[in-house]
Amino acid sequence: MPMSPRNEVFNSYAEYYDNVVRPIRDKSPTQLRLDGLPPGADTDSPWGGFGRFRHLGRTWAVDGDTRIEALHTAYEALQLGSEPFREEPTRKGSSLKLTEALKAQLEYRSEYVYIYER
């Protein structure tokens, strides 16, 4: 990857996926999380340390413990013309979560998507 995803803000989710997620997925197809750590491990990346992108008129940051499969599912929906995310309030602002329809497609119970407005 030419630039650190921590320093760049991508203009769209699709651009973020193509530049950050796809290279990880292509290099390590069995890797579950962006940071490469096993499920349940504390992330060693800074908060929002796996890149930022613009979506719905705002900037969003992705945490390293986000699951690659969930991001791929969102990307596929976006390529088909569907909005993959729903906004959810947090104590400090907003987060993006998968739509319920996309969440139901995942093989695990929780979506493991950690994307926060920054």
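In the block above lies the structure referred to throughout.
Not measured: the values here are computed from a predicted model. (Residues numbered from 1 in each chain as written. Predicted model: local features only at pLDDT ≥ 70, side-chain atom pairs only at ≥ 80, totals over all residues. Heavy atoms only, no water.)

A. Representation of the pattern of salt bridges. A complete count under the given rule lists eight salt bridges for this structure. When the shortest N-O distance is used, the salt bridge between Arg86 and Glu100 registers 3.2 Å. Within this pair, whereas Arg86 is found in strand β4 (residues 85–90), its partner Glu100 is found in helix α3 (residues 100–103), the two being separated by 14 residues in sequence. In this structure Arg86 comes out as partly exposed when scored by relative accessible area, which is 23%. (Salt bridge = Lys/Arg side-chain N within 4 Å of Asp/Glu carboxyl O. Helix = DSSP H or I, 4+ residues; strand = E, 2+ residues; numbered from the N terminus. Buried < 20%, exposed > 50% of the residue type's maximum accessible area, 1.4 Å probe, protein only.)

B. The side chain of Thr66, seen in detail. Mapping Thr66 onto the fold places it in the loop between β3 (58–62) and α2 (68–79). We classify Thr66 as buried; its relative accessible area is 0%. Not counting residues within four places of it along the chain, the set of residues in contact with Thr66 comprises Leu32, Arg33, Leu34, Leu71, Tyr112, Val113 and Tyr114. (Contact = heavy atoms within 4.5 Å.)

C. Quick peek at the layout of surface pockets. Of the voids in this model, the largest pocket is the one considered here, and its volume is about 180 Å³. Around the largest pocket, the lining residues are Arg25, Ser28, Pro29, Thr30, Gln31, Leu32, Arg67, Ile68, Glu69, His72, Glu107 and Tyr108. Here the lining of the largest pocket takes three residues from α2, the largest share from any one element. Looking at the lining of the largest pocket, its residues break down into four nonpolar, four polar and four charged. (1 Å grid on protein atoms, 1.4 Å probe; cavity = no way out; pocket = protein on both sides within 12 Å on 5 of 7 lines; lining within 4 Å. Points joined across faces, edges and corners; volume = space filled by probe spheres on them. Nonpolar A, V, L, I, M, F, W, Y, C, P; charged D, E, K, R; others polar.)

D. Geometry of the nonpolar core. Tyr13, Tyr16, Leu34, Phe53, Leu98 and Ile115 are the most contacted members of the largest nonpolar core, which totals 27 residues. The set of elements that each furnish at least two residues to this core consists of α1 (13–27), β3, α2 and β5 (93–98). At seven residues, α1 tops the list of elements feeding residues into this core. Once you skip the residues sitting within four places of it in the chain, Ile115 turns out to touch Phe53, Trp60, Ala61, Val62, Leu71, Phe85, Ser94, Ser95 and Leu96. (Core = buried A, V, L, I, M, F, W, Y, C linked by side-chain atoms within 4.5 Å.)

E. Expanded view of unusual backbone geometry. Notably, Leu56 is not glycine yet its phi reads approximately 55 degrees, a positive angle. Following the sequence through the fold, Leu56 ends up in the loop between β2 (52–55) and β3. Here the phi dihedral of Tyr112 falls at roughly 55 degrees; this positive angle occurs in a residue that is not glycine. For Tyr112, the location among the structural elements is in the loop between α3 and β6 (115–117).

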